[in-house]
Amino acid sequence: MSWLSAEAEEKACSRQRNQVKVNEYKENQNVVFVSLRPEQTTVLGKTAKVYLAPFSLTNYKLGQFKCPKSLLEKNSNDAVMCKKFKKTQLKKTCKKKLIPKMKAISSKAESTLQKSSLDVHAESNKLEHKNSSDAVICNVDMESSDEDTTPGLSAARLREMIEKRQPPKSKRKKPKQRENEIGCRRSMRLLKVDPSGVSLPATPTQPTLEEDENPLLPPGPLEMIPENQDDNNELFKEFLQTWGEMNKTSRKNTEKGLFSIKSYKANLNGMVISEDAVHKVTNGSIFSVALHPSETRTLVAAGAKSGQIGLWDLTQQRKEDGAYVFYPHSQPVSCLYFSPANPAHLLSLSYDGTLRCGDFSRAIFEEVYRNERSGFSSFDFLTEDASTLLVGHWDGNMSLVDRRTPGTSFEKLIRSSLRKIRTVHVHPVHRQYFMTAGLRDIHIYDVRHLKLRGSQPLISLTEHTKSIASAYFSPVTGNRVVTTCADCKLRVFDSSCISSQIPLLTTIRHNTITGRWLTRFQAVWDPKQEDCILVGSMAHPRRVEIFHETGKRVHSFLGECLASVCSINVMHPTRYILAGGNSSGKLHVFMN
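Residues numbered from 1 in each chain as written. Predicted model: local features only at pLDDT ≥ 70, side-chain atom pairs only at ≥ 80, totals over all residues. Heavy atoms only, no water.

J.: Can you break down helix H6 (residues 233–244) residue by residue, with the values?
T.: Look at H6: 16 Å from first C-alpha to last across twelve residues, which is about the 16 Å you get at 1.5 Å a residue. Along H6, the positions that sit buried rather than exposed are Phe-236, Phe-239, Leu-240, Thr-242, Trp-243 and Gly-244. Considering only its buried residues, H6 is in contact with strand E6 (299–304), strand E7 (309–313), strand E8 (323–326) and strand E9 (333–338). (Helix = DSSP H or I, 4+ residues; strand = E, 2+ residues; numbered from the N terminus. Expected span 1.5 Å × (residues − 1). Buried < 20%, exposed > 50% of the residue type's maximum accessible area, 1.4 Å probe, protein only. Contact = heavy atoms within 4.5 Å.)

J.: Can you tell me about the sheet that holds strand E30 (residues 577–581), naming the residues and giving the values?
T.: Taken together, four strands build an open sheet; the order of strands is E4-E31-E30-E29 and the sheet is antiparallel. On the outer flanks of this sheet lie strand E4 (278–280) and strand E29 (568–571), each paired with one strand and no other. Taken pair by pair, the neighbouring strands of this sheet meet at an average axis angle of 15°, ignoring direction. Across three bridges, the pairing between E4 and strand E31 (residues 586–591) is antiparallel. Bridging from a neighbouring strand, His-279 pairs with Leu-587 of E31. (Pairing = 2+ DSSP bridges. Axes fitted to C-alpha atoms, helices over the stretch in contact; angles between N-to-C directions.)

J.: Describe the nonpolar core, and please don't skip the residues or the numbers.
T.: In terms of nonpolar packing, the biggest core is built from 46 residues, with Leu-268 and Phe-557 touching the most fellow members. Sort the elements by how many residues they give to this core and strand E26 (residues 529–536) lands first, with four residues. The contact partners of Phe-557, leaving out residues within four places of it in the chain, are Leu-268, Met-271, Leu-534, Arg-542, Arg-543, Val-544, Ile-546, Leu-562, Leu-578 and Phe-590. With 21 residues, the next largest nonpolar core counts Phe-239, Ala-290, Ala-363 and Phe-365 among its residues. (Core = buried A, V, L, I, M, F, W, Y, C linked by side-chain atoms within 4.5 Å.)

J.: Pulling in residues and values, what's your account of the sheet that holds E7?
T.: Taken in spatial order, the four strands make up an open sheet running E5-E6-E7-E8, and their pairing is antiparallel. Both edges of this open sheet fall to strand E5 (286–291) and E8, since each of them pairs with a single strand only. Mean inter-strand twist for the sheet, computed between neighbouring axes without regard to direction, equals 20°. As paired elements, E5 and E6 share five bridges and run antiparallel to each other. Considered in E6, the bridge of Ala-290 is made with Ala-301. Along the sheet, H6 contacts E6, E7 and E8; its crossing angle with E7, the most-contacted strand, is approximately 85°.

In structure tokens form, the structure reads like this:
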């Protein structure tokens, strides 16, 4: 009987191996989904029934019973179900047909079987851990019947469901950098390498500058010592004597009637510029220009951004001999005026909070007013004898300075309603009125109603939409006001009657955008023809333009020697002389 049972066991094992091969063949035919239910298997035209029976694994290699990877599934619960189902089927089969065989198996074979089954289970766990989307599926019951079979889904539908459930994860691969690949260009200057590839020597460290790069000059009078032409003192003494004698020159009456536009144009056409009328008088940008009212000599003063004041006498044969530079201030000189009472006095105001008077007869720059708490922006003479001054501060305050006090000037600080003041200008006839230009508003005040705090203006001009550069009364009657704004418009107001409202007469479109490196334009009146406005231009070729108060262009000053933008311009009060300063320190003079 033992040999019969051995023969039966051998037949059962061979039948099982054949069935496993058939299943493996079918499973590898691009199977995308495997059901736990038994499926029909046809071998040689007959339905085969496969039973799992215990057998010894000692004579077989473990790799032969590994399930292919194509049968792996994401849900690992099926493996647990498979394991439970396998145990129950093993028990049933052993009870029905193979009980005698199980009795004949030695205890050693049983332990080997248990160990092998544990190894198979461990191997399946490793596969599950390697790929979480795959699980081991075992067809434990291949018994086919009409009752067990259920209608399945098509392969295309199953593939679609799987693809929706598990979208493929594509990882972007980083491109490998080639060894000879050229990287981004880098500045050789930043790498501190010269064009030949040699490293540049280390630059010496410079001492850090303080916040105030230009310290204030000491208070009190400063000696008038030129920064240039130190060798020839005789020329400088002659220069001072010429400027000092200007107080004896009588001025013509400027309150005569206006010229007709036709005769005015004819005189402007006779004004030309030459190489001898162009000279660099300061090192920095010119912020202010003043023409001496002399009828015999042409004397021009220019205030620079660096705090310099350049004086140029054009009557000298060599222009180098007639130009001198002084340093009475440490910051930009924004306002220059010759005193109406004594033309030998040149008053200058600077951002550094000092107001000085250059006295050429004594060769000193005496200090008129000083305020180190806030910088100054502009000033004007409140009285005709130049004894009282009105000073505007950048922080919106104003100062009334009385020069008649011996030794020091008396000041009265007034807080205005403006946050910043750019220019101040006094009415030429009714001197109790003065005008201040702020950021976007222009206020007209009455000196008689000023208060230390909370001074309210009589009139406010609010037509401007951007930053204001300047605002000036017409020089003879004061019946007009011209303003310069960053919205590329020049505006003319009717100030003949100072009441609660000043109407806007004309708006002149003009490019006032000078940029960062050029001094801002300031439109001013011609003292000889107070209905005409003088202003710089950004047009090519470079020019200086004159407009009538109605907006019509009257004249354009052109010339081969004018090759830059003249931002600050001024006309002689009685003669046909124009002086314009640019942002490189050069003066350009047109004259007939």
